[in-house]
Structure formats: C-alpha cells, structure tokens
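The chain contents come next:
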Amino acid sequence: MTNKFKIGDIVREIRTVSKLDADGNFMFLKDGGTVLTKAFSHYTLEIVAVPDGKRKRFAAKSELGGTRHFSEKALELASNVDPDQICEKLENHVLVLRAKAAA
C-alpha cells in the first residue's frame, strides 16, 4: 500500500471553522451557536516523515517550527486546495471561512 504523501510535500490541514456571510457577519443556528464548516488551514505544513506501519500517521512541520502528527484524511496537498476553501484567522484565534459575495 502506497502513501498519499511523500517527504517534502507541502500540505494544508482540514480544520473546523466558523462560517461568515458575504457581509462578514457570523452565521448563527436557531439555538445561538455559530455555523461550523470544514475548511483548509491558512498555514501550510511540510511532510517530514511518512508512516511505515499499519498506523497511517504523517509527521508534518509547521511554518513556526513545531512538528505534529496527522492522519491521511486530515491533510491535502496545498496545490490541490481551492483558494476559496482556505480559512483565515481573526483576532482571539478565531478561524473563519468567508462566503463569496453574490456577483
């Protein structure tokens, strides 16, 4: 079985983020919680180790220098990511995905 990524690949992490409408306001559910969606991270990671056993865990180094482990499903090649699906970071570590304005 081959690995999806190889050492040196640049990837983005799939994150759960809050959704904003076209005007930049948070979208809320009826119970008051924010609408959450999946989006790709605003930062990139570099694959530094690939799995060799049953556990498919890739080691990736962030731009800040820390190394974390990810499953194959939690990563995607940065070149395959649609720019509209990349989240951005607001103050207080809030990650959001902005909806495109209607043309």
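An account of the accompanying structure is given in this report. Just so we're clear, the structure is a prediction, and the values are computed from it rather than from any experiment. (Residues numbered from 1 in each chain as written. Predicted model: local features only at pLDDT ≥ 70, side-chain atom pairs only at ≥ 80, totals over all residues. Heavy atoms only, no water.)

### Overview of the environment of leucine 29
Secondary-structure assignment places leucine 29 in the loop between β1 (10-20) and β2 (36-40). In this structure, leucine 29 is in contact with Thr34 and Val35, ignoring residues within four places of it in sequence. (Helix = DSSP H or I, 4+ residues; strand = E, 2+ residues; numbered from the N terminus. Contact = heavy atoms within 4.5 Å.)

### Observations regarding the side chain of serine 18
Positionally, serine 18 belongs in strand β1. Sequence-distant contacts of serine 18, defined by excluding residues within four places in its chain, comprise Phe26, Thr34, Val35, Leu36, Leu95, Val96 and Leu97.

### Re the nonpolar core
In this structure, Phe5, Val11, Tyr43, Leu45, Ile47, Phe58, Ala60, Phe70 and Leu75 together form the largest nonpolar core, which totals 9 residues. Counting only elements with at least two residues in this core, the list comes to β3 (45-49) and β4 (57-62). Residues in contact with alanine 60, not counting those within four places in the same chain, are Leu45, Glu46, Ile47, Val48, Gly66, Thr67, Arg68 and Phe70. Membership of the second largest hydrophobic core comes to 5 residues, among which are Val17, Ala39, Leu95 and Leu97. (Core = buried A, V, L, I, M, F, W, Y, C linked by side-chain atoms within 4.5 Å. Buried < 20%, exposed > 50% of the residue type's maximum accessible area, 1.4 Å probe, protein only.)

### Overview of the pattern of salt bridges
Evaluated as defined, the whole model comprises 4 salt bridges. When the shortest N-O distance is used, the salt bridge between glutamate 76 and lysine 4 registers 3.5 Å. Placement of the pair is glutamate 76 in strand β6 (residues 75-77) and lysine 4 in the segment before β1, with a sequence separation of 72 residues. The exposure class of lysine 4 is partly exposed, given its relative accessible area of 42%. Across the pair glutamate 88 and arginine 98 runs a salt bridge whose closest N-O atoms are separated by 3.0 Å. Of this pair, glutamate 88 sits in strand β7 (residues 88-89) while arginine 98 sits in strand β8 (residues 95-98); the two residues are 10 residues apart in sequence, bridging distant segments of the chain. (Salt bridge = Lys/Arg side-chain N within 4 Å of Asp/Glu carboxyl O.)

### Focus: the packing of aromatic side chains
Taken as a whole, this structure holds 1 aromatic pair when the rule is applied. Pairing phenylalanine 5 with phenylalanine 58 gives two aromatic rings, centres 5.3 Å apart and planes at 80°, and the pair type is edge-to-face. Of this pair, phenylalanine 5 sits in the segment before β1 while phenylalanine 58 sits in strand β4; the two residues are 53 residues apart in sequence, bridging distant segments of the chain. You can call phenylalanine 5 buried: its relative accessible area is 3%. (Phe/Tyr/Trp six-rings, centres within 6.5 Å; stacked < 30°, edge-to-face > 60°.)

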